[in-house]
Amino acid sequence: MKNAITLLHAIASILVIFALHTGVAYSAPYPIYNLHTIYIYLVWLLIHSQKTKAMWLALTLGYLTELFSAETFGVHTITLLISVTVVGWLIEKIFTSHSWYIILIIGLCATLTYRLLFILVSSASHFFKDITSYMTSNTIESAGVEILVNTTGLLLLYGINKLFTKRVNPRYI
Amino acid sequence: MPYPSRHRAYASLGVVFIILLILHYLGAIRPIEQFIRNIIMPVFGGLHTFNIAVGDNYQFFRNKEEFIKNYQQCIATTERQTTLSADNIRLEDENNELKKQLAYIEKNKPLFVLAQVVGREISSIGQTIIINRGTNENISIDEPVIANNGILVGKVIKVEPDISIVRLVNDNQSRIAASILNDDRSLGIVEGGFGISLQMNFIPRNEVVQVGHQVITSGLEKNIPRGLVIGIVASIENEAYKPFQRAILTPGTELNKLTMVSVITNP
């Protein structure tokens, strides 16, 4: 029974995060639609020391993204898995305190790592098929906007969490 | 040092991922993938339609004069198009008559597969859309996709049995062989990656290109027939020190508001 509830909870989380990501990507105005909800959630889990859970979610959410992607199958999942591992290591070994500044740096590093890895893995997957050039002004601009929006999203999440766990927590009032 | 249980989790994660990759490329989990797509696609479609419905559908004017000026321009364009449409019908009839007289045999007549745009690719830095037709309807890679009876919107880049992914002409990896409808019928390459506009490069400097000229596919590219409208010249950059001139184009249709398209399956 406990296992069934855990499984249902996991499926529900995956569906909710994927729906949120799709909803933001489709319906939000510019520049908010650049927000990578899935990745922000995974980084949030890493900040809260839930690395294993983040890895499993990266695998399942990456797989769902692959089903509607033009990229070679596996590119999104590999990118998500590697970036979650790298960011997890950074949070565990370097950014150990969780202040505003550190969250800001984590947000910047995490999105930069993800976007660079995506370009690298995608270019590698296209290597024998066609020449892929991601280095156009438009791509760099959208990657820059994505970094800013993701970092702001992460900071906002941090602020809301802090507000509810510290300032308006009934235990401290 | 990580705990042994974490090592075990990573190992099982790696194994699951590799199995998933192998099963996908063997096609063993295709029914499951189609099942998941069938569940998610209506949600994608709904969100896409909602986005178009509530999107930027209004044009704002600074003042009354600007509004009246735009309205008058609109009337003039409509009148011109009505005349052109009548001319077009007359020319079409003439053309059909000439074809008959020449005993013209239409070989490999192109087939059109009508498809609904169910969404755009998420988590991508490119400009791609997802349509609800795939290999089940004989769609294959590199086939042109058109909207509004002949405006090229992109090319098919990935096909699954039930869906296809189309790279739009404004994507940074899109390259289309094109021709301008000017006196010289100038040839060039239309490229994306510049926001909502397109760029036509490699137009010889000595050929006269003007704002308002139409740009069509040149037919020099495999799978793309001649005559599909790409856009209209919005501005020209002709520098003395460059061997070619460049034109900035406005696409023939609003690429972010596509709902129905057709794939030319036998171009």
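Conventions we followed
The numbering scheme is per chain: residues are counted from 1 as the chain's sequence reads. Whichever chain is written first is A, and whichever ligand is written first is 1; the rest continue in order. In view of the model being predicted, local features appear only for residues whose pLDDT reaches at least 70, and side-chain atom pairs are presented and counted only at 80 or more, with totals across whole chains, interfaces and linings using the full set of residues. No hydrogens and no water enter the side-chain calculation; it runs on all heavy atoms of the structure. In this document the domain limits rely on a domain assignment from an automatic tool or a database. Contacts are assigned to residue pairs with any non-hydrogen atoms lying within 4.5 Å of each other. A simple way to read buried area is as the amount of 1.4 Å-probe accessible surface that goes missing from two parts once joined, with both sides added. Any Lys or Arg side-chain nitrogen located within 4 Å of an Asp or Glu carboxyl oxygen qualifies as a salt bridge. Contacts described as polar in this section are N or O atom pairs within 3.5 Å, which, within protein, must combine one atom able to donate a hydrogen with one able to accept it, while residues neighboring in sequence count only if both atoms come from side chains. When residues are grouped by polarity, Ala, Val, Leu, Ile, Met, Phe, Trp, Tyr, Cys and Pro land in nonpolar, Asp, Glu, Lys and Arg in charged, and all others, Gly among them, in polar. Two strands pair under a simple rule: DSSP has to find at least two bridges between them. The numbering of helices and of strands both runs from the N terminus, where a helix is a DSSP run of H or I of at least 4 residues and a strand a run of E of at least 2. We call a residue buried when its accessible area falls under 20% of the maximum for its residue type, exposed when it is over 50%, and partly exposed in between, using a 1.4 Å probe and counting protein chains only.

So, the domain arrangement of chain B
All names here are of chain B. Partitioning chain B into domains gives domain 1 (4-54), domain 2 (60-105) and domain 3 (109-267). The distance between the C-alpha centroids of domain 1 and domain 3 comes to 30 Å. In this complex, domain 1 contributes ten residues to the contact, which on the side of domain 3 involves 15 residues. Regarding the contact of domain 1 and domain 3, the summed buried area is about 1,100 Å², with carbon and sulfur atoms giving 61% of it. Linking domain 1 to domain 3 there are two salt bridges. Joining domain 1 to domain 3, the criterion identifies three residue pairs in polar contact (both at pLDDT 80 or more). Considering only residue class, the side of domain 1 that touches domain 3 consists of three nonpolar, five polar and two charged.

Focus: the pairing of strand E9 (residues 214-217) of chain B
Residues and elements named next belong to chain B. Here strand E6 (residues 175-180) runs beside E9; their pairing, made up of three bridges, is antiparallel. Residue pairing in the sheet places Ser179 in a bridge with Ile216 of E9. Across three bridges, E9 lies against strand E10 (residues 229-237) in antiparallel orientation. Pairing of Ile216 across the sheet is with Val229, part of E10.

Looking at the pattern of salt bridges
All names here are of chain B. Counted under the stated rule, the structure contains ten salt bridges over all chains. The partner of Glu94 in a salt bridge is Arg90, with the nearest N and O atoms 3.1 Å apart. A residue pair is termed a helical-turn pair when its members lie 3 or 4 positions apart in one helix, as Glu94 and Arg90 do in helix H3 (residues 64-101) at four residues. Salt-bridge contacts for Glu237 lead to Arg246; the nearest nitrogen and oxygen are separated by 2.5 Å. Residue class for Arg246 comes out partly exposed when judged on its relative accessible area of 27%. Because the salt bridges share partners, they merge into one network encompassing Arg37, Glu160 and Asp162.

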